[in-house]
Amino acid sequence: MAVREEMAEQRILIRGIRIEDYDAIRAMALRCFPGMHPWEKDQIESQLAIFPEGQLCVEFDGRVVASSNNLIVDFDDYDDWQNWKEIADSGYIRNHDPAGDTLYGIEIMVDPEFRGMRLARRLYDARKELCRQQNLHSIIIGGRIPGYGKHAEKMSAREYVERVVRKELTDPVLTVQLSNGFTLRSLIPNYFPADEASRGYATFLEWINLDHVKDRPRRYRAVSPVRLSLVQYGMRSIDDFEDFATQCEFFVDTASESAADFLVFPELITTQLLSTIRDLRPGLAARKLAEYTPRYVELFTRLAMKYSVNIIGGSQFVVENDRLFNVSFLFQRDGSIGRQYKLHITPAERKWWGVSPGNKVEVFNTDRGKVAILICYDIEFPELARVATALGARIIFVPFNTDERFAYLRVRHCAQARAIENEVYVATAGCTGNLPFVDNADVHYAQSGIYTPSDFAFARDAIAAESGENVETMVVNDVDLEALRRLRADGSVTMWKDRRSDLYKVHYTAGDGTELHV
């Protein structure tokens, strides 16, 4: 049975609050803040009428599971930042000032059932993006410290927050705010007297918008950064799927801590599970491995949403209509799933496993632009990268799996060539380590990297970042999509524009009949 029939996709969506969400928001507030009075409907109506773009929520499978409420104020208009009712206009925000310089966060909440999915970080990131879009100087929030109530008899509120800042204690709210880039400015007594858990205290925190332009006429060069993280995965024998899941979650968690937009695992990392499948011929073992595909899909779908990272999950065998395919899955952090079938099958894959080729280049829309995936051998065929670029991809991910240096160098040199030829970024991630007695997957050689066009705006060797050889590690680096746009417009050479389509073209015909001449 095809994976797409077995696994239902779950979706996370950040959107503006609608008045129809009121009942869900009220019920969530009662679960989040027991004993505190939730928003009244007329307060939400007022917020939406005055500053709709500042009222945000997270929707999970159609259910509102987190929300954020905000307004803009002029910093100099308020001397008493301790007075929540005054600054928030008791929740009606009639004092919202579109010409102000500060985004004031009234409230943020995450349904207790959905905590641990980095939903607060998504809302803080949305606040930061709103701040940049509005060209505001900073975000100011008055944060609860609900963990203080348990320590109030042993220490003062000042001592408590100092210990949280030093990471000696954790607070359900303050710890999250600090980890999202906010700086503690002061402690506010009597901020919200009804908040018994915080003993009425709140923290005064600020995040500075480094992109703020005080005088609009002054111009800065635009950037559009995307943070890539690559896993150079160490193969080793394991006992069961849970061992595999634990290792993968470690890398996803680490990438999330680095605020990565994309995390790339190597091709066929799941062959590690073949160490648990004994005494089967390679072709039968590969099909046995394909039985893990639903668990693999469920695992990475959950991790992508929980840790808010778009994951290229290496690749995994899939059986469809009794044919075996090597498929790379893109697990987006909103819960959607994309699939790229390997198009060129190596002689060893045909001989040992009986893998069949796919028949279409996929380009995926993501929250960081259009991307494509070319699995290992596919990057060695320049026509595929040309097609992916023509379809809009600006980053090409290459999960690979090679057994020795010559094979690795074919992938590496072709990846760098594709980046230069098409004026795109190409990111490769491979396996290292050994799997004793696993046919066609016993030894591995890798050096993972991020490759760029070759021009003044990029790294000297056209290598943005590269790992050490044959060690288990991660590579984290930013690439700038705006630099690609400028290169195509006025680079030292403009290879994409200067193609002689009057002399040569790639004629691409996808399996679904789609045709392209480029």
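Residues numbered from 1 in each chain as written. Predicted model: local features only at pLDDT ≥ 70, side-chain atom pairs only at ≥ 80, totals over all residues. Heavy atoms only, no water.

Where do I start with the nonpolar core in this structure?
Proteins that are soluble and globular tend to have nonpolar side chains buried together. Grouped together as the largest cluster of nonpolar side chains are 62 residues, with contacts concentrated most on Tyr104, Leu119 and Tyr160. The leading source of residues in this core is helix H5 (residues 119-133), at seven residues. Setting aside chain neighbours within four positions, we find Tyr160 in contact with Ile145, Gly147, Tyr148, His151, Met155, Leu169, Thr170 and Asp171. Ranked by size, the runner-up nonpolar core spans 55 residues in total, among them Val226, Phe400, Ala446 and Phe458. (Core = buried A, V, L, I, M, F, W, Y, C linked by side-chain atoms within 4.5 Å. Buried < 20%, exposed > 50% of the residue type's maximum accessible area, 1.4 Å probe, protein only. Helix = DSSP H or I, 4+ residues; strand = E, 2+ residues; numbered from the N terminus. Contact = heavy atoms within 4.5 Å.)

For this particular structure, what's the right way to read the confidence of the model for the protein?
One rule of thumb: low pLDDT means the predicted coordinates there are not for detailed reading. Overall, the predicted model of the protein reaches an average pLDDT of 91, with 95% of residues at or above 70. Of the regions scoring below 50 in pLDDT, residues 1-7 engages in 16 contacts with residues more than four places distant in sequence or in other chains. (pLDDT = per-residue confidence, 0-100.)

Sorry, what's going on with the sheet that holds strand E17 (residues 395-399) here?
Note: strands within a sheet are paired through backbone hydrogen bonds, in either parallel or antiparallel orientation. With mixed pairing, the six strands of this open sheet are ordered in space as E15-E16-E17-E18-E20-E21. Because the sheet does not close on itself, it has two edges, and the strands there are strand E15 (363-366) and strand E21 (463-466). For this sheet, the mean angle separating the axes of adjacent strands, direction not counted, is 20°. In this structure, E17 lies alongside strand E18 (residues 425-429), joined through five bridges in parallel fashion. When the bridges of E18 are listed, Pro399 appears paired with Ala429. (Pairing = 2+ DSSP bridges. Axes fitted to C-alpha atoms, helices over the stretch in contact; angles between N-to-C directions.)

Which parts of the structure should I look at to understand helix H8 (residues 241-257)?
The α-helix advances 3.6 residues per turn, and as a result positions three or four apart in sequence lie on the same side. Compared with the 24 Å implied by 1.5 Å per residue over 17 residues, the 24 Å span of H8 between its first and last C-alpha is a close match. Within H8, the full set of buried residues consists of Phe241, Phe244, Ala245, Gln247, Cys248, Glu249, Phe251, Val252, Ala255 and Ser256. Packed against the buried residues of H8 are H5, strand E8 (225-235), strand E9 (262-265), helix H10 (293-307), strand E10 (310-313) and strand E22 (473-480). For H8, the side-chain oxygen to backbone nitrogen distance between the N-cap and Glu242 is 3.2 Å, and the N-cap itself is Asp240. Ala259 sits one or two residues past H8 and shows a positive phi near 60°. (Expected span 1.5 Å × (residues − 1). Polar contact = N/O pair within 3.5 Å; in protein donor to acceptor, adjacent residues only side chain to side chain.)

Got a minute to help me understand the packing of helix H12 (residues 382-390) against helix H13 (residues 405-422) in this structure?
Packed helices, taken two at a time, are described by the angle between their axes plus the distance between the axes. At a minimum axis distance of 10 Å, the contact between H12 and H13 shows a crossing angle of 40°. Judged on the interaxial angle alone, H13 and H12 are oblique. Viewed along their axes, H12 and H13 form a crossing whose handedness is right-handed. Taking contact as the criterion, the partners of Pro382, Ala385, Arg386 and Thr389 in H12 are, on H13, Arg418, Glu421 and Asn422. (Parallel < 35°, antiparallel > 145°, perpendicular 65-115°, else oblique. Left-handed = near helix turned anticlockwise from the far one by under 90°.)

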